[in-house]
Amino acid sequence: MTKGSLYNIAVVGATGAVGQKILEILEERDFPIKQLKLLSSKRSAGTKINFKGKELIVEEATNASFDNVDVALFSAGGSVSKRFAPEAVNRGAVVVDNTSAYRMDEQVPLVVPEVNEDDLSTHTGIIANPNCSTIQMVAALKPIKEAFGINRVIVSTYQAVSGAGNQAVEELKLQAEGFLKGEEVPSEVMPVKGDKKHYPIAFNALPQIDLFQDNGYTFEEMKMINETRKILHAPDLAVAATCVRLPFFTSHAESVYIEVEQEGLTTKDIWKVLENAEGIILQDDPSNQEYPTPQSAAGKKEVFVGRVRKDLDHPKGFHMWIVSDNLLKGAAWNTVQIAERVLEKGLLLK
Ligand code: NAP
Ligand code: 12T
């Protein structure tokens, strides 16, 4: 980033749950913006959004939207990224893509800045932002892996509805209100919009996030498995995941079991590493009932870790509880962080 330079930025999906958070963070970080384009589908074109005290008008995304754009931040679903990201790159924009469209593409770096920022320099136009559940887990596991080695990970997630977008948030609100009044509110979005069946999310727990794959895992679970291996540069790491949706609005929580390579470690050894890790806050004091929760992590950019303890049977096994705001570190903040590092490292296309 040349000091004082300003850049043309496009936000695709600016009216969505993630897009709105991206705008808040661009404003808060005083991102060096010359011109800001807000893009959506035809549905929201014309919507007015306030940014830094000025009213901006949302436009429908077209190929021409990306003329003269330096950095385009995409959070409008995989099909929108497939349709427009290559067009944006052809026009000279670096794309930071928040969807799963390109994450496992070998040409595309998949980046959590605290974990593998060096991978950014290999980009050829598109940089992928990992899945929200993956981001917070690898942020905590990376420093442990570096210090002690890790050869197995087993994770169960407790995920907020905001991960599934604004319509899912509305569905939970209406359903919870209805349930308390003894009325039944039908499910149309959860667990997955457009899937064959729907189940209530209010006062429930749904062991399905994203579509089922042929191997019996959901796509969200496979994203966690494959993305973790790619980001940690550990293609042979044993990873298993169970992803569950719960009826709260913000932050994902994860119960994570790991087996380390080094023998004889204690909980204190893990604490020490986490205390010094970038972007991590250790919040772990059982004697004072200190641990993170989805509510305490909401609105914060960091990843919180608590409940670190040794497995009672496996000598190299540890358990922990990892919580982070899914729309911030899990999506919008990681995306803007990537964009900031692209500018700092001089990695624009033009
Ligand atoms: P959302 O609240 O449903 O918002 C969707 C956004 O995409 C809206 O701005 C919508 O515009 C826009 N959009 C839809 N179709 C479009 C089209 N054909 N052309 C241009 N824009 C279009 O969803 P969200 O929660 O913000 O998530 C958006 C996407 O981000 C998800 O599909 C997912 O791929 C990704 N995401 C990633 C993570 C992560 O783990 N890193 C987390 C959450 C979401 P309208 O207002 O016009 O409909
Ligand atoms: N289906 O970016 O429903 O791959 O919580 C993130 C969150 C996909 C993604 C969700 C999803 C992604 C969800």
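Here is a short report on the structure shown in this document. Numbering of residues starts from 1 in each chain and follows the order in which that chain's sequence is written. The lettering of chains begins at A and the numbering of ligands begins at 1, in the order of writing. Totals for whole chains, interfaces and linings use all residues, but because this is a predicted model, local features are given only for residues with pLDDT of at least 70 and pairs of side-chain atoms are given and counted only at 80 or more. Hydrogen atoms and water are omitted, and side-chain values are computed over all heavy atoms in the structure.

Observations regarding the overall build of the protein
Here is step 1: For the protein, the helix and strand inventory stands at nine helices and 14 strands.
Here is step 2: Projecting the C-alpha coordinates of the protein onto the three principal axes gives extents of approximately 60 × 55 × 40 Å.
Here is step 3: Contact definition: two residues touch when any of their heavy atoms are within 4.5 Å. For the protein, contacts bridging at least 24 residues in sequence account for 66% of all contacts bridging at least 6.
Here is step 4: Throughout, the Shrake-Rupley method with a 1.4 Å probe supplies accessible areas, and for residues the shown protein chains are the sole cover considered. Accessible surface for the protein amounts to roughly 16,100 Å². Of this, 48% is attributable to carbon and sulfur atoms.
Here is step 5: Charged residues are defined here as Lys and Arg on the positive side and Asp and Glu on the negative side; His and the ends of the chain fall outside this count. Taken as the charge location is NZ of Lys, CZ of Arg, CG of Asp or CD of Glu. The average position of the 38 basic charges and that of the 47 acidic charges among the side chains of the protein differ by 3 Å. Each helix is a run of H or I in the DSSP string that is no shorter than four residues. Each strand is a run of E no shorter than two, and both are numbered from the N terminus.

Re the packing of helix H4 (residues 132-148) against helix H6 (residues 219-231)
Two numbers describe a pair of packed helices, the interaxial angle and the distance between the axes.
Here is step 1: Geometry is summarised by axes, namely lines fitted to C-alpha atoms with helices restricted to the contacting stretch, and by angles between N-to-C directions that run from 0 to 180 degrees. With their axes 9 Å apart at the nearest point, H4 and H6 run at an angle of 40° to one another. The angle between H4 and H6 places the two elements in the oblique class. Like other packed secondary-structure pairs, H4 and H6 cross with a definite hand, here right-handed. Contacts between H4 and H6 involve Cys132, Ser133, Thr134, Met137 and Val138 from the first element and Glu220, Lys223, Met224, Glu227, Thr228 and Ile231 from the second.
Here is step 2: Residue composition of the contact of H4 with H6, by class: five nonpolar, three polar and three charged. Each angle receives one of four descriptions, namely roughly parallel if under 35 degrees, roughly antiparallel if over 145, roughly perpendicular if within 65 to 115, and oblique otherwise. For any pair of crossing helices, the crossing counts as left-handed if the nearer helix is rotated counterclockwise from the farther one by less than a right angle, and right-handed if it is rotated clockwise. Residue classes follow a fixed rule: Ala, Val, Leu, Ile, Met, Phe, Trp, Tyr, Cys and Pro count as nonpolar, while Asp, Glu, Lys and Arg count as charged, and any other residue, Gly among them, counts as polar.

What about the sheet that holds strand S11 (residues 252-260)?
Here is step 1: Taken together, the six strands give an open sheet; going across it, the order is S10-S9-S11-S14-S13-S12, and neighbouring strands pair in mixed fashion. Of all the strands in the sheet, just strand S10 (238-245) and strand S12 (280-282) have a single pairing partner and so form its edges. Averaged over all neighbouring strand pairs, the angle between strand axes comes to 20°, with direction disregarded.
Here is step 2: Most of the contacts of H6 go to S10, to which it runs at about 145°, and overall it touches strand S9 (150-159), S10 and S11.
Here is step 3: Relative to the sheet, helix H7 (residues 267-275) contacts S12, strand S13 (303-310) and strand S14 (317-324), its axis offset from that of S13 by approximately 165°. Two strands are said to pair when DSSP picks up at least two bridges between them.

Let's talk about the environment of aspartate 284
Here is step 1: Following the sequence through the fold, aspartate 284 ends up in the loop between S12 and helix H8 (294-297).
Here is step 2: Buried means the residue's accessible area, taken with a 1.4 Å probe over protein chains only, is under 20% of the maximum for its type, while exposed means over 50%, and partly exposed covers the values in between. Classification of aspartate 284 by relative accessible area gives buried; the value is 13%.
Here is step 3: In this structure, the C-alpha to C-alpha distance between aspartate 284 and tryptophan 321, residues 37 residues apart in sequence, is 9.5 Å.
Here is step 4: Ignoring any residue separated from it by four or fewer positions in sequence, one finds aspartate 284 in contact with Trp271, Glu290, Val305, Gly306, Arg307 and Val308.
Here is step 5: Identification of polar contacts relies on pairs of N or O atoms within 3.5 Å, with a donor-acceptor requirement for protein atoms, meaning one able to donate a hydrogen and the other able to accept it, and with residues adjacent in sequence counted only if both atoms are side-chain atoms. A polar atom in the side chain of aspartate 284 sits 2.9 Å from the backbone nitrogen of valine 308.

Section: a nonpolar patch on the surface
Here is step 1: A grouping of Phe179, Leu180 and Phe203 is seen on the molecular surface, where their side chains present a nonpolar patch of about 380 Å² in accessible area.
Here is step 2: When you line up the elements, phenylalanine 203 lands in the loop between helix H5 (166-180) and H6.
Here is step 3: Relative accessible area serves as the criterion here: at 52%, phenylalanine 203 is assigned to the exposed category. Candidate patch residues must exceed 30% relative accessible area and have no salt bridge, after which like charges are joined if within 9 Å and Val, Leu, Ile, Met, Phe, Trp or Tyr side chains if within 5 Å. Salt-bridge detection follows one rule: a side-chain nitrogen of Lys or Arg within 4 Å of a carboxyl oxygen of Asp or Glu.

Here we look at the site of ligand 1
Here is step 1: Only a single heavy atom is needed: when it lies within 4 Å of a molecule or strand, its residue is near that molecule or strand. Ligand 1 sits among 25 residues. The nearest are Thr15, Ser41, Ser44, Asn98 and Cys132.
Here is step 2: Within the side chain of arginine 43, one N or O atom sits 3.0 Å away from an oxygen atom of ligand 1.
Here is step 3: One of the backbone N or O atoms of glycine 330 is found 3.0 Å from a nitrogen atom in ligand 1.
Here is step 4: Taking 910 Å² as the accessible area of ligand 1 by itself, protein coverage stands at 78%.

Overview of the packing of aromatic side chains
Here is step 1: For this analysis, a ring pair means two rings from Phe, Tyr or Trp (six-membered ring only for Trp) whose centres lie within 6.5 Å, classed as stacked if their planes differ by under 30 degrees, edge-to-face if by over 60, and tilted for the remaining angles. Under the criterion given, the structure shown has four aromatic pairs.
Here is step 2: Plain terms: the ring middles of phenylalanine 66 and phenylalanine 74 are 5.6 Å apart, the flat faces sit at 15° to each other, and that makes the pair stacked.
Here is step 3: Relative accessible area serves as the criterion here: at 0%, phenylalanine 74 is assigned to the buried category.
Here is step 4: Cluster of aromatic residues (ring-pair linked, three or more members): Phe66, Phe74 and Phe84.
Here is step 5: As a reminder, the over-ring test applies to NZ of lysine and CZ of arginine, requiring each to be within 6 Å of the ring centre and within 35 degrees of the ring normal. The ring of tyrosine 102 has lysine 82 sitting right over it, with the charged end atom 4.5 Å from the ring centre.
Here is step 6: The ring of tryptophan 333 has lysine 301 sitting right over it, with the charged end atom 5.3 Å from the ring centre.

Section: the site of ligand 2
Here is step 1: Around ligand 2 lies a shell formed by Asn98, Ser100, Arg103, Asn131, Cys132, Gly163, Ala164, Ile209, Asp210, Glu220, Lys223 and Arg245.
Here is step 2: At 3.2 Å, a backbone N or O of glycine 163 approaches an oxygen atom of ligand 2.
Here is step 3: Here an oxygen atom of ligand 2 sits 2.7 Å away from a polar atom, N or O, in the side chain of arginine 245.
Here is step 4: A total of 330 Å² of accessible area belongs to ligand 2 in isolation, and the protein chains cover 80% of it.
Here is step 5: Residue composition of the shell around ligand 2, grouped by class: three nonpolar, four polar and five charged.

Topic: unusual backbone geometry
Here is step 1: That bond from methionine 190 to proline 191 is cis: its omega, 0°, falls within 30 degrees of zero.
Here is step 2: Within the secondary structure, proline 191 sits in the loop between H5 and H6.
Here is step 3: Of note in the backbone geometry, aspartate 30 takes a positive phi value of approximately 55° without being a glycine.
Here is step 4: Mapping aspartate 30 onto the fold places it in the loop between helix H1 (17-28) and strand S2 (33-40).
Here is step 5: Located in the positive-phi region is phenylalanine 203, a residue other than glycine, with phi close to 55°.

Points about the packing of H4 against H7
Here is step 1: Two elements in contact, H4 and H7, have axes separated by 9 Å at closest approach and are oriented at 120°. Taken together, the axes of H4 and H7 lie oblique to each other. Handedness of the crossing formed by H4 with H7: right-handed. Packed against H4, whose contacting residues are Ala140, Pro143, Ile144, Ala147 and Phe148, the element H7 presents Asp269, Ile270, Val273 and Leu274 at the interface.
Here is step 2: Residues belonging to the contact of H4 with H7 are distributed by class as follows: eight nonpolar, no polar and one charged.

In short, the description is geometric, and any link to function would need to be established separately.
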